[in-house]
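Secondary and tertiary structure notes
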Amino acid sequence: MKKKFGYLLAVVLLGAVSISTATTTYAYAGGGWKRNNVGWWWEDSNRSYPRSQWRLINHKWYYFHSSGYMAHDQWIGGKYYVGEDGDMYVNRVTPDGYMVDGSGKWIPNYYDKNLHKVFSTVELDASRALMKDKGEYYECVVDVDGADDESDMGNDYKSIVRLSKSAKVDWDAMNGKGPKTISLSEYMKGRDFFRISNPKLDKRGYIIRFGDYFAS
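Attention in this report is confined to the structure presented alongside it.

Reading guide: rules and limits
- Residues numbered from 1 in each chain as written.
- Predicted model: local features only at pLDDT ≥ 70, side-chain atom pairs only at ≥ 80, totals over all residues.
- Heavy atoms only, no water.
- Helix = DSSP H or I, 4+ residues; strand = E, 2+ residues; numbered from the N terminus.
- Buried < 20%, exposed > 50% of the residue type's maximum accessible area, 1.4 Å probe, protein only.
- Contact = heavy atoms within 4.5 Å.
- Areas by Shrake-Rupley, 256 points an atom, 1.4 Å probe, with all protein chains shown as cover.
- Polar contact = N/O pair within 3.5 Å; in protein donor to acceptor, adjacent residues only side chain to side chain.
- Core = buried A, V, L, I, M, F, W, Y, C linked by side-chain atoms within 4.5 Å.

With that settled, consider the overall build of the protein chain. Looking only at helices and strands, the protein chain has three helices and 15 strands in total. Of all 216 residues assigned to the protein chain, the portion counted as buried reaches 36%. Within the protein chain, contacts between residues separated by at least 24 positions form 40% of all contacts whose residues are at least 6 apart in sequence. Surface exposure of the protein chain reaches about 13300 Å², of which carbon and sulfur atoms provide 53%.

In this structure, serine 164 sits in strand S12 (residues 157–171). On the accessibility criterion, serine 164 (3% relative accessible area) is buried. A distance of 2.9 Å separates polar atoms of two side chains, one belonging to serine 164 and the other to serine 166. Apart from residues lying up to four places away in sequence, serine 164 is in contact with Glu136, Tyr137, Leu184, Tyr206, Ile207 and Ile208.

This next bit is on the nonpolar core. Ranked by size, the top nonpolar core spans 19 residues in total, and within it Leu163, Leu184, Tyr187 and Phe210 carry the most contacts. In contact with phenylalanine 210, other than residues within four places in its own chain, are Leu163, Lys168, Val169, Asp170, Leu184, Tyr187, Arg195, Ile196, Ser197, Asn198 and Pro199. Trp42, Ile57, Tyr62 and Met70 belong to the second largest nonpolar core, which has six residues in total.

A separate point is the side chain of aspartate 170. Tracing the chain through its elements places aspartate 170 in strand S12. Here threonine 181 takes part through its side chain, which lies 2.9 Å from a polar atom of the side chain of aspartate 170.

Written out as structure tokens, the structure is:
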């Protein structure tokens with residue numbers, strides 16, 4: 001009987017060792033990250049771990065499922081997005097093309113109207129490759145730039161705009177004749193990249209007019 005008990009104890013201990021070996025620990029003050037073949041989780045100093053909640057760790061927000069595993073590459077509650085490393089996106093465009101603000105919350109009206117408060121002249125660099133046809137408008141991922149050198153963000157800031165297909169463009173062909181107003185479809189012919197200066201929006205938040213005074 002003792003031999004049988006000893007054998008079972010050895011099996012249990014061996015199993016415990018194999019589980020421990022399969023778990024990787026990264027310790028921090030007050031707790032540490034742990035990982036196994038399923039995913040990552042956070043273990044507090046008292047060996048408990050967060051479930052179904054957000055947790056601020058090293059100045060970044062993470063969400064943990066009811067299982068305790070860290071969420072990644074998904075929307076949480078339809079308002080916040082966590083990336084590949086699990087940390088919440090802030091002030092950036094998500095992989096599926098939506099903008100979140102400084103608190104991480106999705107901005108339903110994609111165009112950031114506060115840009116007009118940041119720059120005296122707002123300029124948006126757009127690419128045909130990053131435009132999605134949404135029927136009556138194009139959804140465009142753009143780089144934000146400003147005419148004021150002191151506040152120029154160097155295209156580090158991205159946003160999403162809705163560009164109405166019926167928009168008008170004040171375009172200067174640089175032919176000495178000065179700017180003229182043309183349709184968006186005419187302006188976009190043969191263009192892969194273009195700059196949206198001083199955009200004007202309608203009540204829906206769609207850009208209905210903009211200028212390109214340095215077009216070629």
